[in-house]
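Descriptive structure summary
Residues per chain are reported as follows:
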Amino acid sequence: MKLDTIVNSIGRKIPRSIPGLGDLAPFDGAFARLNGSYLWSPEARTKKIGAFGDRKLASNLAEAIKRSGLQDGMTISFHHHLRNGDAVLPTIIKAIEELGIKGLTLAPSSLTDAHEIVADAVRRGTIARIHTSGVRGEIGRMISRSEMEIPVMIHSHGGRARAIEEGRISVNVAFLGAPTCDTMGNMTGSTGKSACGTLGYAQIDARNAGHVIAVTDNLVEAPLPHHISIPQYLVDQIVLIDSLGDASRIASGPARISKNPVNLRIAENAFDLIRASGLLVDGCSFQVGAGGASLAVAKYVRDYMRESSVQGGFGIGGITGYMADMLGEGLFRALFDVQSFDAAVTESVAGHPNHVEIDASWYANPFRNCVVNDLDVVVLAALDVDVDFNVDVLTGHDGILRGASGGHSDTAAGSKLSIITIPSIREGVPSIRDQVQTVVTPGETVDAIVTERGICINPRREDLAKLAKDAGLPVKDISRLKAEIEKMTGVPDPVEFDDEIVGVVEYRDGTIVDSIRKVR
Amino acid sequence: MTKTARRRPRRSLLYVPGNNPAMVQNCSVYGADGVLLDLEDAVAVTEKDAARHLVSQALVDLPFDGVEKVVRINGRDTRFFEDDLKAIVPAKPDSIRLPKTESPEDIVEADRIISELERGNDIPVGSIEIHAMLETALALINAYSIATSSPRVTALTLGGQDLAADLGIARSREGTELLYARSHVILAAKAAGKEALDTVFTDVNDQEGLEAECRLAVQLGFSGKAAIHPSQIGTIHRAYRPNEKKLIKAIRVVKAAKDAEAKGLGVIAVDGKMVDAPVVAQANRTIELAKLSGMEVSL
C-alpha cells in the first residue's frame, strides 16, 4: 500500500494514516507521552446483559460463534500461551470459515509456528487485518511479500494491553484457550492436560472483549481446584473440544542452560556488567528470556546470589522453570508471571503463594503503574542491532518478518539497566549494522549491547561505561566492534525493499516507531 | 642451556579443529590462555589442505586479543610436515606444537625449516616457539635432550592418549597409569628451564573428574593443561587460582624483593628468613595467576 509518510524522531519514515487502521502518531521519544502531560482515557465499555441463568455451555463451536454475534468485519482475539502446540486458533478459524464469515480483524497476543493457517485465511478473505506482537513462518513471508491489502500492526505486549484498554483494538469476540475451565466459566492455565502456566494476555481480552468464549478440553465441576486466572463473570460461553492442541508442544520441557561456548561467553560478559552496575543487591528485580544467552545469565546471577546471600525482590516476565526454582530457593521474594515459558512453571504457578499471575496491563501497559517500570535489570535478545543501539527483533537478515516485539521495548524502557545479548555473528552475517531493518526498541532505551567479543555501552550511559571500565570489562566502542566483526565477515549486501509499506511497528505508548516494507 | 621466561601464563590451551571455520573464528572468545589450532588428529587426510589454508588465513586476519596462537602441525614422520610449516610459519603463530617428537633430531629439523621460513618472510629468526609433544616411551626417555635441543622449545607437553596406546595400557578416570610419565615430563622440562603442559581430559561431561585431574596437574608442577572443549576452561583456571593464604605470602615475598632491590641489597629476607630467587619467581607467578583469576592484588 502506497501511503503518505512522515519522518519520526529517530529518522524513520512512517505512514500518517492507514485506511482501516486510522490516523497514526509518529514516535517522538520513548518517554514523550510519559512526562505527565499526556491524557490517557481507558474506554468505558457497554455490554449486553444476558438473562440470568443463560446456558453458558455451547454444544459446539459453530453454535458458540453464532451465539456470539460474530459478523463480517468484526475483530476476534486469541492468546498464545499454548505456544507451538496451540490448536485453538486454527480450529476456530476453520469453524469461522465454514460459517462463511469474512473480512475479520485478527488480534491475537501473538502468532506462533502453530498458526500457519492464518496465511491461507488471509488469502481466502476470512482475515483482512492483523494486530499482533509477532509473526513467524509463512505468515511472515506472506506479509513481507505484500499479500495483505492493509498493513499489519505490530504491538508490544504492554502496547497491546494499552491499545485494547483504550479501544484502539476493540475486540468483538475473544476466544480463550482454557486448559481447565469449570462449569461456571472460571478458568485456569495451570492445570489440565494442556496446562500452559499463566494466562496473562488472555486476562486483558476477557476484561475488554464484547463477548468471551472459553474453549477447553478439561471441563470440571465448579469451583476450580486451583487458583482462578479468569473469573466466570468475564466469560459468556464455554465450549468443550477434544484437545487444545499438541500437549508436548504446549508443555515444552524445561528451558535448559545453553552449552554453546559463544552464548556462555556472552552471558558471562552480561553478568559481569550487571555486577559492575551495582544493581545486584538485596531487593533487586530481574527479567531474562528463555533462549540463548539469556537463561545462562540467570545461572550466573543465581550462583552469585547464593554465594553472596543476596535476596532479590522480584522476577518478572516470561517465566521459566529456572526462575521458578530461584523463587523456590528464596532467591526472589516474588515472581510476577504474565507468560510461562515452559512446563516446569505450572506447578509453581499453582502452588507457590508468591508466584503471582499478572495480566499484560499490570505487566507492561506504560500508562498504568506497570511492573516493568519498577524493573532493575532486563536481559533481552535481538536479531540485529545498530550503531545507534536500535534493536530489531522482527526481521531477519533477509528482510522477512520472523519475530515478535513481545515485551522487548516495554522492559527496555522501564528498567534501570537494559542489556541486549547478541552473538556478534549469526550464520556468517554480522549482527551490528549501520541501521537495523526495523526498529522495535529505540536505542535511547538500550543501555548496553553485549556480545562475545565485547560490551558496547550506550554513550548516554557514561556512568555505566565508567563502572564497567573500572571493573576491567571488555568495553568497546560499537563502531569499532562493528568494524572488527566486518573484517571477518565482510559487509553484507543490503536487502532490497520496495517503498510499499506492509506493516507498522507501534511503540508501547501508541506512536509508530517504524514501518516494515515489502521485500523485493 | 637456555632458560626461557614465558610472556604470559599458559594455564589452558584449547584445541580448535583447523577445519572448522566457525570455531576458528571464535578463538578469541573462549577464554583460554591459548588456542591449539589443530591440523593433525582433528583433520581428516582429505581436508589437510583446506585446514592449512584456513588456519594460515585466520592467523593473519582474525583478532586473537592476546590469546596465544599455537598451531599443532602434523608430525615429522608424515608427508604433511613440511607443507604445514611452509603454510603456517609465514602467518606468524606464537608457537608450533610438534606432535610425535621422539628425538632431538625432530626438533633440530623443525628448527632448521622454521628458521629458513622466518628469514624468507622477514620474521625475526627464533621468534616462533616450539612445544614438543611427547607421545611415546622413546620420547619420554629422550625428554630432556628434546627439551634442550633448541632455544625454540619453550614447553614439553604430554600426549596422553598416544602414550597409553604405545604403552599398551588403558587410560583411567584417575590417571594413575600416567603418573610416572607426567612426573618424568615435568622433571625433564624443569631441568631444562622449560614449561611442562599436561595432556587432555577426554570426558567433556565429567567436570568432577577434570577438576581432580587439574588439581593433580597443579600439584605435580604442570604450568597448564590442554582442553578439548571450551566448557573445560573454567575448571582448569579454577585449579590454578591460588588460595588467599598463598597469595598473601606471595605478596610479602615480592614486596620484600622490591624493597631489597630499592635498597640495593643482595639478600631478600621475609620475617627475618632469607628467600632465594626461585621462591621470588614462584611468588611472582602466584601473583600473576591471582590477577588472572580476578583476585584483588595490591602490591
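All of these numbers come straight from a predicted model, not from anything done at the bench.

The rules behind each value
Residues numbered from 1 in each chain as written. Chains lettered and ligands numbered in written order. Predicted model: local features only at pLDDT ≥ 70, side-chain atom pairs only at ≥ 80, totals over all residues. Heavy atoms only, no water. 1 Å grid on protein atoms, 1.4 Å probe; cavity = no way out; pocket = protein on both sides within 12 Å on 5 of 7 lines; lining within 4 Å. Points joined across faces, edges and corners; volume = space filled by probe spheres on them. Helix = DSSP H or I, 4+ residues; strand = E, 2+ residues; numbered from the N terminus. Nonpolar A, V, L, I, M, F, W, Y, C, P; charged D, E, K, R; others polar. Pairing = 2+ DSSP bridges. Axes fitted to C-alpha atoms, helices over the stretch in contact; angles between N-to-C directions. Domains from an automatic or database assignment. Contact = heavy atoms within 4.5 Å. Buried area = accessible area lost by both parts, 1.4 Å probe. Salt bridge = Lys/Arg side-chain N within 4 Å of Asp/Glu carboxyl O. Phe/Tyr/Trp six-rings, centres within 6.5 Å; stacked < 30°, edge-to-face > 60°. Buried < 20%, exposed > 50% of the residue type's maximum accessible area, 1.4 Å probe, protein only. Lys NZ or Arg CZ within 6 Å of the ring centre and 35° of its normal. Polar contact = N/O pair within 3.5 Å; in protein donor to acceptor, adjacent residues only side chain to side chain.

1. Points about the layout of surface pockets
Residue and element names in this part refer to chain A. Counted as a void, the second largest pocket has a volume near 1200 Å³. When contributions to the lining of the second largest pocket are tallied by element, the ones reaching two or more residues are α8 (261–277), β17 (285–288), α9 (292–308), β18 (312–319), β21 (377–380) and α13 (408–414). Ranked by residue count, the leading element in the lining of the second largest pocket is α9, at 3 residues. In the lining of the second largest pocket, the residues fall into 17 nonpolar, 24 polar and 6 charged.

2. Things to note about the sheet that holds strand β8 (residues 224–227) of chain B
Residue and element names in this part refer to chain B. Around the barrel, which closes on itself, the 8 strands sit in the order β1-β2-β3-β4-β5-β6-β7-β8 with parallel pairing between neighbours. Each strand axis lies, on average, 25° off the axis of its neighbour in the sheet, ignoring direction. Inspection of the sheet shows strand β3 (residues 68–72) paired to strand β4 (residues 95–98) by 3 bridges, in the parallel sense. Of the residues in β4, the one forming a bridge with V70 is S95.

3. Notes on the domain arrangement of chain A
One frequently used descriptor of interface size is the decrease in accessible area upon assembly of the parts. Residues and elements named next belong to chain A. Domain boundaries in chain A define domain 1 (56–250) and domain 2 (261–489). For domain 1 and domain 2, the distance between their C-alpha centres works out to 29 Å. Listed per partner, the contact involves 36 residues of domain 1 and 33 residues of domain 2. Carbon and sulfur atoms make up 56% of the area that domain 1 and domain 2 hide from each other, which totals about 2500 Å². Considering only the side of domain 1, the residues that lose the most area to domain 2 are R83, T198 and Y201, jointly responsible for 19% of the buried surface there. Counting every contact that joins domain 1 to domain 2 gives 2 salt bridges.

4. Quick notes on the packing of aromatic side chains
Residue and element names in this part refer to chain A. For the structure on display, the rule yields 8 aromatic pairs over all chains. On the basis of an interplanar angle of 75° and a centroid distance of 5.0 Å, the ring pair of F27 and Y507 is categorised as edge-to-face. One end of the pair, F27, is in the loop between β5 (25–26) and β6 (57–58); the other, Y507, is in the loop between β30 (497–506) and β31 (511–519), and 480 residues separate them in sequence. By relative accessible area, F27 is classed as buried at 1%. On the basis of relative accessibility, which here comes to 0%, the residue Y507 falls in the buried class. When the centroid spacing of 5.4 Å and the interplanar angle of 65° are considered together, the rings of F314 and F336 count as edge-to-face. Highlighted residues: F314 in strand β18 and F336 in strand β19 (residues 332–340), separated in sequence by 22 residues. The exposure classification of F314 matches that of F336, with both residues buried. Over the aromatic face of Y300 sits the side chain of K299, whose NZ or CZ is 5.4 Å from the ring centroid.

5. Here's the deal with the side chain of A:K476
Within the secondary structure, A:K476 sits in the loop between α14 (462–470) and α15 (478–489). Classification of A:K476 by relative accessible area gives buried; the value is 9%. A distance of 2.6 Å separates the side chain of A:K476 from the backbone oxygen of A:R453, its partner in a polar contact. In terms of polar contacts, A:K476 uses its side chain to reach the side chain of A:E484, at 3.2 Å. Those residues in contact with A:K476, other than ones at most four positions away along the chain, are A:R453, A:G454, A:I455, A:C456, A:I457, A:L481, A:E484 and B:D65.

6. Let's talk about the interface of chain A and chain B
Between chain A and chain B, the residue contacts involve 11 residues of the former and 12 residues of the latter. Taken together, the links from chain A to chain B amount to 0 salt bridges. The tally of links between chain A and chain B comes to 4 residue pairs in polar contact (both at pLDDT 80 or more). Where the side of chain A that touches chain B is concerned, the elements lending two or more residues are α8 and α15 of chain A. Split into classes, the residues belonging to the side of chain A that touches chain B amount to 4 nonpolar, no polar and 7 charged.

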